[in-house]
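Each chain, letter by letter, is given below.
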Amino acid sequence: MSRLGNLGARLYRGEVGYDFVGKRKIWYGISILITITAIVGLAVRGLNMGIEFSGGAVFTTPSSKISAVEARHAAEEAASGHTVVVQELGGGGLRIQISEVDTKEAVPVQEKLAKELGVKTDKIDTQLVGPSWGEQIASKAWQGLAIFMVLVVIYLAIAFEWRMALAALIALIHDLTITVGVYALVGFEVTPGTVIGLLTILGYSLYDTVVVFDGLKEASKDLTKQSRFTYSEIANRSLNSTLVRSINTTVVALLPVGALLFIGGGLLGAGMLNDISLSLFVGLAAGAYSSIFIATPLVADLKERDPQMKALAKRVRAKRAAAAKAEAGAAPAAADEDDEPALEDAAAAPAGVVGQRRQPAPRNRGRGRSSGKRR
């Protein structure tokens, strides 16, 4: 068995573990700091909305010797006052986006680009997107997100309990906030691919959380009938037992997404891959973090406020205090009760005397006197 497999088996059996739940205040602080950074980036820089949401024109050019910088300058001259984004495509082609451009303004831009590239005008593919279509896409995305959240809360409340549903909902909002904040800080365009990626990461994040919650549900059955472990300790053991599984699942999912982001988007210049892969990459990493460091500790926090769990924690502490006191006083108490006469005699005896000073009287002492002969 490999080291990772051996570690996973030991974590599952509870032989080793890390106190994730006990150190939850640290994880809460880190999450709050990351969330504040994301919100500040979103408020200061804002989201770079694609033309699918703001409206505009997309020009796809064939392979040519013109660079992306030259193409951007030509587009900015033809459509002054509009935002221009140029992306290199595989095979030497270019994808030029110009925001808020109508049909009349698109024709001069197309002719200008054709002149710079030295190709015919009909060789440049032009697509116009109206802002109303983008508004419909955004509205549908928000509706889908709201419906998904409601269904998740209802399902978890039925399958588990309302505390787990609330913790999972907070973890999902945490993942979305971080992902959107990274988009604002990086400056990537928000496109329908981004929306698809955001909706996809919710499923991955929820999967890890449900796996941990399922193990916690099984481990916490009849928990109040014992007095060995508190709810937080059971939650931490359940989390450790699924830790390696969560890490393996996340790493396996991040590898192909990382290939899309760094190879497909970075080297090949595939623009749409950037939109989807960045949201997936950041969302998967945030989802794994939230399922381990946020969701389960938050459930333990909420559950420990329950009166039954408070009583259980009190019994566990009382039992452990009694056991510690008994263990600490067992050896001295035994010595005081059993060896007190011997210790006193040893203190009063001469230095050469070893052992107990008081010896038991022989049983036949009285019998010898009665049977002796008179002389």
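The preceding data block contains the structure.
The structure contained in this document is the topic of the report that follows. Going along each chain's sequence as written, the residues are numbered from 1 onward. Residues qualify for local features only when their pLDDT is at least 70, as the model is predicted, and side-chain atom pairs are given and counted only at 80 or more; totals for whole chains, interfaces and linings, by contrast, use all residues. No hydrogens and no water enter the side-chain calculation; it runs on all heavy atoms of the structure.

### Overview of the packing of aromatic side chains
The condition that has to hold: Aromatic rings from Phe, Tyr and Trp, with only the six-membered ring used for Trp, were paired whenever their centres fell within 6.5 Å, and each pair was classed as stacked if the ring planes differed by under 30 degrees, edge-to-face if by over 60, and tilted otherwise. When a residue's accessible area, from a 1.4 Å probe over protein chains only, is under 20% of the maximum for its type it is buried; when over 50% it is exposed; and in between it is partly exposed. Secondary structure elements are defined from DSSP: runs of H or I of at least 4 residues count as helices, runs of E of at least 2 residues count as strands, and each element is numbered from the N terminus. As a reminder, the over-ring test applies to NZ of lysine and CZ of arginine, requiring each to be within 6 Å of the ring centre and within 35 degrees of the ring normal.
If you walk through the whole model with that rule in mind, you get six aromatic pairs. Ring geometry for Tyr18 against Trp27: centres 6.4 Å apart, planes inclined by 45 degrees, an arrangement best described as tilted. Residue Tyr18 is classed as partly exposed on the basis of its relative accessible area, which comes to 36%. Looking at Trp27, the relative accessible area reads 11%, which means it is buried. Geometrically, the ring pair formed by Trp27 and Phe293 is edge-to-face, given 4.7 Å between the ring centres and 65 degrees between the ring planes. Separated by 266 residues along the polypeptide, Trp27 in helix α2 (residues 24–44) and Phe293 in helix α11 (residues 271–303) bring together distant segments of the chain. We classify Phe293 as buried; its relative accessible area is 18%. Every member of this aromatic cluster is reached through a ring pair, and the members are Tyr18, Phe20, Trp27, Tyr289 and Phe293. Just above the ring of Phe229 sits the side chain of Arg237; from NZ or CZ to the centre is 5.0 Å.

### Focus: the packing of helix α7 (residues 162–186) against helix α8 (residues 192–219)
Our working definition: Every angle, taken between N-to-C directions, lies between 0 and 180 degrees, and every axis is a line fitted to C-alpha atoms, over only the stretch in contact when it is a helix. Two helices cross in a left-handed way if the nearer one is turned anticlockwise from the farther one by less than a right angle. They cross in a right-handed way if the turn is clockwise. In this description, contact between two residues means that some pair of their heavy atoms is separated by no more than 4.5 Å. The nonpolar class holds Ala, Val, Leu, Ile, Met, Phe, Trp, Tyr, Cys and Pro. Asp, Glu, Lys and Arg form the charged class, and all remaining residues, Gly among them, are polar.
Where α7 meets α8, the closest approach of the two axes is 10 Å, and the angle between their N-to-C directions is 145 degrees. Crossing handedness for the pair α7 and α8: right-handed. Together, Met164, Ala167, Ala168, Leu172, Asp175, Leu176, Thr179, Val180 and Tyr183 of α7 and Thr194, Leu198, Ile201, Leu202, Ser205, Leu206, Thr209, Phe213 and Leu216 of α8 make up the contact between the two elements. Broken down by class, the residue content of the contact of α7 with α8 amounts to 13 nonpolar, four polar and one charged.

Function cannot be read off these values alone, since they describe shape.
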